[in-house]
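The residues making up each chain are set out below.
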Amino acid sequence: MTRTRMASRNSSRNTRAKKLSARSAALENQKKALYVSGRKMAEEMSKNGTTYLQGLKSNIFALRQQELSFEDASKDLDALEAASDESIQAVLQIYPPIIEDLFQRRADSIEAASAMIQGNQARRKQGLDEFLRNAHAQVEQSRNNERVGTLATSSQGSLS
C-alpha cells in the first residue's frame, strides 16, 4: 500500500473516531441531562408527597378535634331515656284504666267481627254468586260489543 492510501485510511479512521466520539459525547450529555431531570422530578415529587402528608395530618387532627366521644353522647342519651321513662310512667299512672281496657276492647272487637263473618256466611255466598253472574254478563256484553265493532270496521273497509 502506498503512503497516501494509508494516510487517507488513517484520516478516515480519525474522522470516524471523531464522529463516534462526538456521538458518544452527545449521548453522554443527554444521559446526564436525563439524570438531572429525573433527580429534580424525584425531589419535587418527594416535596409534594411530604406536603400532602402534612396536610393529611392536619386534616386528621382537625377531624379528631370534632369527634364526639361515645361517653359524652351516651350520657346525653341516658338523660333523655330517663326523662322519657319518667314521662311514660306518669302517663300510665294517670290513665291506667284506658290502657288496661285497651287490650280487652280490642279482643272484643275482633271477636265481634269474627262472629259477624261466621253468622253471615249464607249472605256472603249469595252476594258472591250474584257478583260472579253480573261479571260474567258484563264480559259477554263486552265481547258482543267488540264483535259488532269489528264487523262494522271491516264492512266500512270493504265499502271504501
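Check the entry above for the structure.
Colleague: What's the story with the overall build of the protein in this structure? I'm lost.
Modeller: Within the protein, the regular secondary structure consists of 4 helices and 0 strands. Counting helices and strands in the order they occur from the N terminus, the protein gives α-α-α-α. Here the protein, with 160 residues, has 1% of them falling under the buried criterion.

Colleague: Help me understand the pattern of salt bridges, please; the structure alone is not making it clear to me.
Modeller: A side chain with one charge may pair with a side chain of the opposite charge, provided their charged atoms come close. The final tally for this structure, using the stated rule, is 4 salt bridges. Here Glu28 makes a salt bridge to Lys31, at a shortest N to O gap of 3.5 Å. Taken as a pair, Glu28 and Lys31 lie in helix H1 (residues 3-66) at a separation of 3 residues, close to a single helical turn. In this structure, Asp129 engages Lys125 in a salt bridge whose closest nitrogen and oxygen atoms are separated by 3.5 Å. With Asp129 and Lys125 both in helix H4 (residues 121-159) and 4 residues apart, the pair spans about one turn of that helix. We classify Asp129 as partly exposed; its relative accessible area is 29%.

Colleague: Got a minute to help me understand a negative patch on the surface in this structure?
Modeller: Residues Glu71, Asp72, Asp76, Asp78, Glu81, Asp85 and Glu86 make up a contiguous surface patch of negative charge. By the secondary structure assignment, Asp85 is in helix H2 (residues 70-94).

What counts as what
- Residues numbered from 1 in each chain as written.
- Predicted model: local features only at pLDDT ≥ 70, side-chain atom pairs only at ≥ 80, totals over all residues.
- Heavy atoms only, no water.
- Helix = DSSP H or I, 4+ residues; strand = E, 2+ residues; numbered from the N terminus.
- Buried < 20%, exposed > 50% of the residue type's maximum accessible area, 1.4 Å probe, protein only.
- Salt bridge = Lys/Arg side-chain N within 4 Å of Asp/Glu carboxyl O.
- Patch = residues over 30% accessible without salt bridge, like charges linked within 9 Å, V, L, I, M, F, W, Y side chains within 5 Å.
- Areas by Shrake-Rupley, 256 points an atom, 1.4 Å probe, with all protein chains shown as cover.
- Lys, Arg positive; Asp, Glu negative; His and termini not counted.
- Charge placed at Lys NZ, Arg CZ, Asp CG, Glu CD.

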